[in-house]
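Chain and residue survey
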Amino acid sequence: MEAPGFCRLPSKLVLIFCGALLFQSAHAEERTLLNIDWRFQKDDPAGVGDQLGYKKMKDYLLPSGNSMAAPDNQKQLPERSLDDKVSYAAVNYDDKEWRAINLPHDFGLEETFVPTGTNPSPPSGIGWYRKQLDFSPADSDKRIYLDMDGASSCPAVWLNGKYVGGWAYGYTSFRLDLTKHIQFGRKNILTIRVENLPDPRLWYTEVGILRNVWLVKTAPVHVAHWGTTVITPEVHETTATIEIKTRVENNVPKESKVTFITEIYAHNGQQVDAKPILSSSAPVALTIPGQQTVEGTETFTLGNPKLWTPDSPNLYTAVTTINENGKVVDRYETVFGVRSTLFTVSDGFYLNDKRVQLKGVNLHRDLGALGSIVNTSALRYRLELLKTMGCNAIRTYGAPASPELLDLCDRMGFLLISDFSDIWIKGRKFDSYGSFFNDWYDKDLRAWMRRDRNHPSLIAWNIAANVGEQLTPDGIPFAEKMAAIVRVEDSTRQVMLASREAKACYNGMEKTVDVFGLDFLTGEYKKFHETNPDIPVLASSSAGTYSSRGEYMFPVSEGKDYGRISFQVSSYDLYAPNFGRTPDAEFNALGQSPFVAGEFVFAGFDFLGDATPYKDELRSLIDFYREEERAAAEKELAETKRIKCPSRSSYYGIFDLAGFPKDRYYLYQAYWRPDFPMAHLLPHWTWPGREGEATPVHVYTSGDEAELYLNGQSLGKRQLTGNAHRLRWDDVKYEPGELKVVAYKNGEKWAEDSVSTAGSAAKLELYVDRKSLKANGQDLVFVTVKVVDDQGRVVPGANSKIKFEINGPGRILATDNGDATNRESFLTNECHAYNGLALAIIGAENIKKGNILLVVQAEGLAPARIEMKSE
C-alpha cells in the first residue's frame, strides 16, 4: 500500500504582529490571522430577509469558476446581484452599536437551550460580522485572498459592499479572491453573514464563524491553494521514496516561465529546523499559460528516515522555492511524515508494516462549554487526557476535522479517521446540508481532501456516517460516485463508509468502499467477515454506554435499560441504549475478532445535544431522588400529558462535558494500557443512611486478580478471565471507613486504590493544567475546582454555588460542571459544583502580559486562589 505524506503549512517565519499571527518571509506568501477586533450583530437588517434567507442564498453560494468544482458541476452566479443591496455590508454603515468580539465565535451558546423533544439546542439564528482592513498601495501588485477554515452555515462574504462569494457546508475550508474589490490606501470593510439551518438534528446546532479566518497575500505567480501533494510510495527503515507534486498558479494574462526546487528538512515544532538539508531536488521548469495552473513533480530518496508513529511522531518540512526571471517569487512549506498505512482483511490495521490496534474514540465538533469553536489549547487539553487513557486514534464523527486538530494529531501521535458528513441528500428533518448536497458534494469532497491529504495522522477518508441513503436503491451509485472522486484526489488512502444498519452490510453498499465501518454492530463482526472476505472492517462506533459522573443507583440491575433516576444514569457502566453494548461486551467481541482493526468508542467526551436516554419527551413517570422533583413531574404529566427532559448534553462520554473522567475512563485504561499498573474502585464510599445495605463494589484493573478490603478486613480475591477487566463484589455491606483494593499480576503486587468516607464540605481546592498562557487572545488554561472536606477528600454530592473572580490580563471565558441536566449559562462567572467538581476556562487577553489572579469562593467554604502568568 502506498503511504501518503502530510500537513500543509504554507508559511515561513512565525511572528506576533499587532495581535495577529503572521507567517512571512521576504518572498513568501503572507498569512495573517484575522481573529481579533470584529463587530457582531444578530439578525438581518429590515427588509432584506426575503433576499438573504438560506433558501434564496442557495442561488448565490456558488462562486463562478471555483477551482474545487469539476467541469460538469459549475454554475454561474445569477444575473441579479447582492452588491450594494445590503446595508450591513456598506463601507459607510455605522456599526458602533454592534458588539465587539474576537473569533472564533459560536453565538449559539448565547441563546437559551430549549428542550425540543429531540435536541435541546438554541433556535436557528443569523449573524453578521464586520471588520475593517487596511491595504497599503505597496500591495497593489499582489493577489489577496480570504481563507475561511469553517463557518456554520452558509457563510456569504462582501468586501466594500461588493458580494465576493460564499460556501454552503459549515465545516469545509474555502478561499475567496478579494483582489478586485480592494481599495488600496483606503478603509476596507469585510462583511460576513452566517445562518444555521433549521435542522433539529441529534447534535447541537452551532452558529457563527467557528474556525479561523486568514488574510493571504501572494505574488501573481505562486503555489496554488493547497498546492502540494506529498506521498511516500516506498517506505523502509533504511530508505524512503518521497514524491511531491506542486501546482503553480499564474494569475496574470501573459505566459510565465518558472523554475522551482524543493528542499527537505527535519521539522521542529512549527518551523523549519535549522539543520542541514536532508534531501533536495533538481530544478523543475514549468511554462504556465496566463490565468492557468500547471503541476510539476519531484522525486526524492531519503536515507534512514525517521518514520512517523504514534510513539514517535516524527515530521519533516518540504520547502518549495519558485523563481521567475531569476527572482524568488514564492516559498511554500509543506509539513509531512514518512509512513505507510494499510487496513487488511484478516489482521486489522498496519502502520509501517506493523500491526497497530486502533484504540480510538469518536469526537464531536463541540468543546463543551466553549461551544463548537476551534481552539488549539482546548483540543490539546482533550488529547492529553485521552493519551493518559491509552487512546491512539480519533474519529471526527459526522464532519471534517479542523486544521488545528489535524496538526495536533500529527505532532502528538494520534491516528485519525476524518468523516465527511452524516447527511447526503436525505437530510434528517426540514432543510439541512442535504438541500445543498447535489450542487456541493463534489467541491466539498475535493476541498476536504486537498486541504488535509498531507497529514501523516490521517489514515482513511470516511465518506458517510450512517446516512439515509445506505438502505435506498440510489445509495449505491451515489457512494460509488463519491468514492471515485476520493480515489482520484488521493490514491494512497483507503475509502471508508460507516453504517449503523445491518442491512447495509450486505446490500451492496459495503462493496462501494475499501473499508467498512460498523457503528454499534458488535454482533455482525463474524458474519460480515465471512460474507465479505475481501473487505477490511473496523468498529467505527463501539459500545455506546452512557453514564453520569459520580452517580450510583441501587440496586445494581443487570438490564442495560435500567440505572436511571432524576434524569441521570448510573456510573456502574452497565447501561446503554437498545443498539449499544457495555465496554465489557465490546472487549469480548473484539478479542474474538482479530480481523477487526480496532474500535472508536462512542464517545470520547459528552457533547451538546443527543441526551439519550432523555432526548425525547417522557410519557410516563420515572424515578426521582427528591420528592419535590417527583411532584413537579407528576404535575407536568397531568397537565400536558408529557414530561420535558432538561438535559442539554449527552451521557455517552468517557469524560463528561467539562472534561472530568467518569469511571469508564479507568475501564478503558485497564484495557488499552495492559502494561500500566492501575486499579480503580467504584463507587465512592460516602453513603449515609445505607449502613448495612448491599452496596456492590466494582474494580477496574490491568492486573489479573485483586483482593478487596473494607476497614482492613479482606473481602476475598477475584480473578479476571478472558478479555475482562472488571471484578465485582456484589454483596458488600456498606459501613463508613476505608475501602481498598490491591491488584496483582502474575502473582506479584501490581497496583492499589482506595476510597474513604468523606466528611462535610469544608474548603475549595484548585488545580490547573498549566500556569502560563501566551498573550495572544487565543490561549487557555483549564481550572478544576474541587469541593473537599477538612482532609482534602472530594465530597460526593457536593453542589455548592462556586463564584469566580479574576484580576489581571485574563478573562473567564466559560464555566461548567459536567452535569448533563445543568441549564446554567456557560458564559457566566459562577456555576454550581456537580458531585464535588466544577470547571473554569481562563483565556489570555490579546497582547497584554502580566500576572493573573483567580479567586474562587463558595458560601460556607474556605476560598481558594491561584496565580497564572500571561507572557
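See above for the structure.
Residues numbered from 1 in each chain as written. Predicted model: local features only at pLDDT ≥ 70, side-chain atom pairs only at ≥ 80, totals over all residues. Heavy atoms only, no water.

Taking 1.5 Å of rise per residue, the 16 residues of helix H5 (residues 437–452) would be expected to cover 22 Å, and the 21 Å separating its terminal C-alpha atoms lies within 8% of that figure. The sharpest bend along H5 measures roughly 25 degrees and falls at Lys443. Along H5, 14 of the 16 residues are buried, which leaves the element largely enclosed by surrounding structure. (Helix = DSSP H or I, 4+ residues; strand = E, 2+ residues; numbered from the N terminus. Expected span 1.5 Å × (residues − 1). Bend = angle between axes of the 7 residues up to and from the residue. Buried < 20%, exposed > 50% of the residue type's maximum accessible area, 1.4 Å probe, protein only.)

Bringing the packing of aromatic side chains into the picture now. Aromatic ring pairs are reported here in terms of the distance separating the ring centres and the angle at which the planes meet. Counted under the stated rule, the structure contains 48 aromatic pairs. Between Trp167 and Trp440 the ring centres are 4.6 Å apart and the planes differ by 65 degrees, which places this aromatic pair in the edge-to-face class. With Trp167 in the loop between strand S10 (162–166) and strand S11 (174–177) and Trp440 in helix H5, this pair connects stretches of sequence that are 273 residues apart. Looking at Trp440, the relative accessible area reads 1%, which means it is buried. (Phe/Tyr/Trp six-rings, centres within 6.5 Å; stacked < 30°, edge-to-face > 60°.)

Moving on, we come to the pairing of strand S49 (residues 837–844). Summarising burial for S49: 8 of the 8 residues are buried, a large majority. Because side chains alternate across S49, one face comprises the buried residues Leu837, Leu839, Ile841 and Gly843, and the other comprises Ala838, Ala840, Ile842 and Ala844, equally buried. The sheet contact formed by strand S45 (residues 780–788) and S49 spans 7 bridges and is antiparallel. Bridge assignment links Val781 to a residue of S49, and that residue is Ile842. Two elements, strand S47 (residues 810–816) and S49, share 6 bridges in a ladder whose sense is antiparallel. Paired with Thr815 across the strands is Ala840, a residue of S49. (Pairing = 2+ DSSP bridges.)

Secondary-structure assignment places Ile866 in strand S51 (residues 864–870). For the pair Ile866 and Leu853, spaced 13 residues apart in sequence, the C-alpha separation works out to 6.0 Å. Not counting residues up to four positions away in its chain, the partners in contact with Ile866 are Leu766, Val768, Lys771, Ile852, Leu853 and Leu854. (Contact = heavy atoms within 4.5 Å.)

These figures come from the coordinates and say nothing about function on their own.
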